[in-house]
Amino acid sequence: MEFDFGAVLVDWRLLAKGVAWTIGLTAIATLIGMVVGVACAWARASGPAWLRWVVGTYVELIRNTPFIVQLFFIFFGLPAAGVKLTPETASIIAMVANLGAYATEIIRAGIEATPKGQIEAAVSLALNRMQVFLRVVLPPALKKVWPAMVSQIIIVMLGSAVCSQISVEDLSYAANLIQSRNFRAFEAFIIATLIYLALSIGLRRLLNWAGPKLFFGR
């Protein structure tokens, strides 16, 4: 058997477009998903009972169902209720919902590890509940759990490969399209695997560098 990686690389523009879509989906999902995670973590840690129940139900539902089922429900199921979405919008919603649920529990673990004396000291300085959470509780909580958060973001990026099932033109879509044209499936998916590996390593390094500067003040 002879390998011909050139037959795949000749379609480098298609691969580049797929990489761009994968990076774009991941970036949007990370930004919004982190906000959702922080808000839901606060709700589970300090919110009223009814809100804790609502958020808890959302977290358990997402964490105990496959991502592809969530994606298909949003893209194929919601139109039955009159909500029609583009493949890209459905993918972003599914990725945000998925990351948000896992981020909720990761951040909540960091929040619960915050010493009570630290919170009491902040209250004694006449800070309101929101100021205490945003300035005193959240930064050290994120610092504690940042490695786990980075891993979860990478998992969501790799999971975005299934978005090609609803015709999002990401990297896995590009690899599958190329191999359908030239029948070089081995070469196409080896190259896609190496690109995903490079993206994962690069994203981990970027987040490990950027996280402390953005959230921890150093």
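Residues numbered from 1 in each chain as written. Predicted model: local features only at pLDDT ≥ 70, side-chain atom pairs only at ≥ 80, totals over all residues. Heavy atoms only, no water.

A. Structural view of the nonpolar core. Leu15, Met95, Ile107, Ile111 and Met149 are the most contacted members of the largest nonpolar core, which totals 49 residues. Contributions of two or more residues to this core are made by helix 2 (12–46), helix 4 (67–77), helix 5 (87–112), helix 7 (129–159), helix 8 (171–182) and helix 9 (185–215). Considering every element that reaches this core, the biggest residue donor is helix 7, with 15 residues. In contact with Met149, other than residues within four places in its own chain, are Met34, Ala103, Ile106 and Ile107. (Core = buried A, V, L, I, M, F, W, Y, C linked by side-chain atoms within 4.5 Å. Buried < 20%, exposed > 50% of the residue type's maximum accessible area, 1.4 Å probe, protein only. Helix = DSSP H or I, 4+ residues; strand = E, 2+ residues; numbered from the N terminus. Contact = heavy atoms within 4.5 Å.)

B. Focus on helix 4. Buried residues of helix 4: Phe67, Gln70, Leu71, Ile74 and Phe75, and no others. For helix 4, the angular spread of the buried residues around the axis is 115°, confining them to a single face. Seen from the buried face of helix 4, the exposed residues on the opposite side, beyond 90 degrees, are Phe73 and Phe76. Against the buried residues of helix 4 lie helix 3 (49–63), helix 5 and helix 7. (Arc of directions from axis to C-beta.)

C. Expanded view of the pattern of salt bridges. Counting across every chain of the model gives six salt bridges. Its salt-bridge partner being Glu169, residue Lys17 comes within 2.6 Å of it at the nearest N-O pair. In this pair, Lys17 is assigned in helix 2 and Glu169 in the loop between helix 7 and helix 8, connecting sequence segments 152 residues apart. By relative accessible area, Lys17 is classed as partly exposed at 38%. Given the relative accessible area of 29%, Glu169 is considered partly exposed. Arg44 is the salt-bridge partner of Glu105, the closest N and O atoms lying 2.8 Å from each other. Of the two residues, Glu105 sits in helix 5 while Arg44 sits in helix 2, which places them 61 residues apart along the sequence. Accessibility expressed as a relative area gives 16% for Glu105, which makes it buried. One continuous salt-bridge network, built from bridges that share partners, spans Arg44, Arg63, Glu105, Arg108 and Glu112. (Salt bridge = Lys/Arg side-chain N within 4 Å of Asp/Glu carboxyl O.)

D. Molecular detail of the layout of surface pockets. Of the volumes computed, that of the largest pocket is approximately 480 Å³. Lining the largest pocket are 24 residues; nearest its centre among them are Ala27, Thr30, Leu31, Ile153 and Leu207. Going through the elements one at a time, helix 2, helix 7 and helix 9 are the ones with two or more residues in the lining of the largest pocket. (1 Å grid on protein atoms, 1.4 Å probe; cavity = no way out; pocket = protein on both sides within 12 Å on 5 of 7 lines; lining within 4 Å. Points joined across faces, edges and corners; volume = space filled by probe spheres on them.)

E. Just the environment of Leu203, in detail. Mapped onto the elements, Leu203 comes out in helix 9. Taking relative accessible area as the criterion, Leu203 reaches 16% and is therefore assigned buried. Note: C-alpha distance between Leu203 and Val132 (71 residues apart in sequence) is 31 Å. Among all residues touching Leu203, those that are not within four sequence positions of it are Thr26, Ile153, Ile154 and Met157.

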